[in-house]
Amino acid sequence: MIDAAVARLSQSIAHWSAAIGRRVAIDADILDSRARLQGFAPQGQVSANSSCRLLVARDGWVALNLPRAEDWELMSAWLRCDLPRPGWDDIAAVIADQPAGELVSRAALLGLAAALPGEAGAGALAPKGDVEIGRARCSTPVVLDLSALWAGPLAASIFAQAGAEVVKVESAQRPDPTARRSADFDALLNGMKRRVTLDFGDPAQRARLHKLLDEADIVITSARPRGLASIGLLPALRQSRACGRLWIAITAHGMGRGAGRIGFGDDCA
């Protein structure tokens, strides 16, 4: 099912990238490149990087991702019991007596990455019909890549391969960790982009970010609305249709209902 969906998506990318400039042929092996270049391997109910696990609740499965130290500090509040230094076995034992839906709802309130299998149906993998390509304000579309890690940067790299000018903007405080983890994977995703590092807390540099935004035809982000609001970009998102700018928001739970929920690739998958 996934292979067929990827094949259809690759065909769609090839068709529409040719409308931008150069035809881009995406090999399905790109889905395996992150694991191959970073040394990940399948581990069954444990994610390749070991931060996410599938656990059995009272009435079903829950995917729980704890990639940050502060996530572990919230375990007692999430599980509603005193677990000063829990391990995965401790968490699994407590989860076994609690309803899956209630666990995921509490996780959303605490900013933890948890999800129920099947929250996104298989149909979400398939392209949704034809896409209308708008006219860029110049012959070469300008893409502002505000995303990090894998999905957003891959989307921006497709635009770069098609001939667009892509500017990747990173936060000085929280740079994209891909380069630190694998220089080869970073080169694959970001090698064709112009990179700019900005301090979003500095008014002058935030003004530079807004100038880059004004010049962009397409903006790609992996930030939730809360994150966009923190750097003053939420109004620009809401005004984009009026000024002819396209936003591509690749987030865990979309930009509508549930937009505030946190999620990472492993628990979403």
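Structure: above.
An account of the accompanying structure is given in this report. (Residues numbered from 1 in each chain as written. Predicted model: local features only at pLDDT ≥ 70, side-chain atom pairs only at ≥ 80, totals over all residues. Heavy atoms only, no water.)

1. Some thoughts on the nonpolar core
The condition that has to hold: Throughout, nonpolar core names a set of buried Ala, Val, Leu, Ile, Met, Phe, Trp, Tyr and Cys residues whose side chains join them through atoms within 4.5 Å. Only protein chains enter the calculation, and the probe is 1.4 Å; a residue is then buried if its accessible area is under 20% of its type maximum, exposed if over 50%, and partly exposed in between. A run of H or I in DSSP counts as a helix once it spans at least four residues, and a run of E counts as a strand once it spans at least two, with each numbered from the N terminus. For this analysis, residues touch if any pair of their heavy atoms sits within 4.5 Å.
With 19 residues, the main nonpolar core has Leu64, Trp78, Leu79, Ile91 and Ile95 as its most contacted residues. When contributions to this core are tallied by element, the ones reaching two or more residues are β1 (52–57), β2 (60–65), α4 (75–79), α5 (88–95) and α6 (100–110). Filtering out sequence-adjacent residues up to four positions away, Trp78 remains in contact with Leu64, Ile91, Ile95, Leu103, Arg106, Ala107, Leu110 and Leu112.

2. Some thoughts on the packing of aromatic side chains
For clarity, the cut-off: Centre distance within 6.5 Å is the pairing criterion for rings of Phe, Tyr and Trp, where only the six-membered ring of Trp is used; planes under 30 degrees apart are then read as stacked, over 60 as edge-to-face, and the remainder as tilted.
Counting across every chain of the model gives one aromatic pair. On the numbers, 5.3 Å between centres and 80 degrees between planes, the contact of Trp72 with Trp88 is edge-to-face. In this pair, Trp72 sits in helix α3 (residues 69–73) while Trp88 sits in helix α5, placing the two residues 16 residues apart along the sequence.

3. A short note on α6
Test applied: What the arc describes is the spread of directions from the helix axis to the C-beta atoms.
Every buried residue of α6 is accounted for by Ala100, Leu103, Val104, Arg106 and Ala107. One face of α6 carries all of its buried residues, which in axial projection span an arc of 165 degrees. Of the surrounding secondary structure, the elements contacted by the buried residues of α6 are β1, β2, α4, α5 and β3 (113–115). Backbone geometry just downstream of α6 places Gly111 in the positive-phi region, at approximately 80 degrees.

4. Structural notes on α5
What α5 keeps buried is the set Trp88, Ile91, Val94 and Ile95. Seen along its axis, α5 keeps its buried residues to an arc of 130 degrees; they face one direction. Close packing links the buried residues of α5 with β1, β2, α3, α4 and α6.

5. Quick word on unusual backbone geometry
A positive phi angle, close to 60 degrees, is found at Arg80, a residue other than glycine. Locating Arg80 in the fold gives a position in the loop between α4 and α5. Judged by relative accessible area, Arg80 falls into the exposed class, the value being 61%. Its identity is not glycine, yet Leu149 carries a phi of approximately 70 degrees, on the positive side. Residue placement: Leu149 occurs in the loop between β4 (142–145) and α7 (151–161).

6. What to know about the side chain of Arg245
Under the convention used in this document: By the counting scheme adopted, Arg and Lys are positive, Glu and Asp are negative, and His together with the chain ends is not counted. The salt bridge criterion pairs a side-chain nitrogen of Lys or Arg with a carboxyl oxygen of Asp or Glu, the two atoms within 4 Å. Counted as a polar contact is a pair of N or O atoms within 3.5 Å, where, for protein atoms, one must be capable of donating a hydrogen and the other of accepting one, and residues adjacent in sequence contribute only when both atoms are in side chains.
Along the chain, Arg245 turns up in the loop between α12 (234–243) and β8 (246–249). Here Arg245 is buried and forms no salt bridge, its nearest opposite-charge partner Asp214 lying at an N-O distance of 4.3 Å. Engagement of the side chain of Arg245 in a polar contact is seen with the backbone oxygen of Leu213, the distance being 3.1 Å. Side-chain polar atoms of Arg245 contact the backbone oxygen of Ala216, separated by 3.1 Å.

7. Topic: the pattern of salt bridges
Scanning the model with the defined rule gives 10 salt bridges in all. With a closest N to O distance of 2.9 Å, Glu119 and Arg261 form a salt bridge. Highlighted residues: Glu119 in the loop between β3 and β4 and Arg261 in the loop between β8 and α13 (265–268), separated in sequence by 142 residues. Taking the relative accessible area as the measure of exposure, Glu119 reaches 40% and is therefore partly exposed. The shortest N-O distance in the salt bridge between Lys211 and Glu215 comes to 2.5 Å. Here Glu215 and Lys211 lie together in helix α10 (residues 203–215), a separation of four residues that amounts to about one turn. Glu215 sits in the partly exposed class, given a relative accessible area of 41%. In this structure, a network of salt bridges that share partners links the residues Arg80, Glu102 and Arg106.

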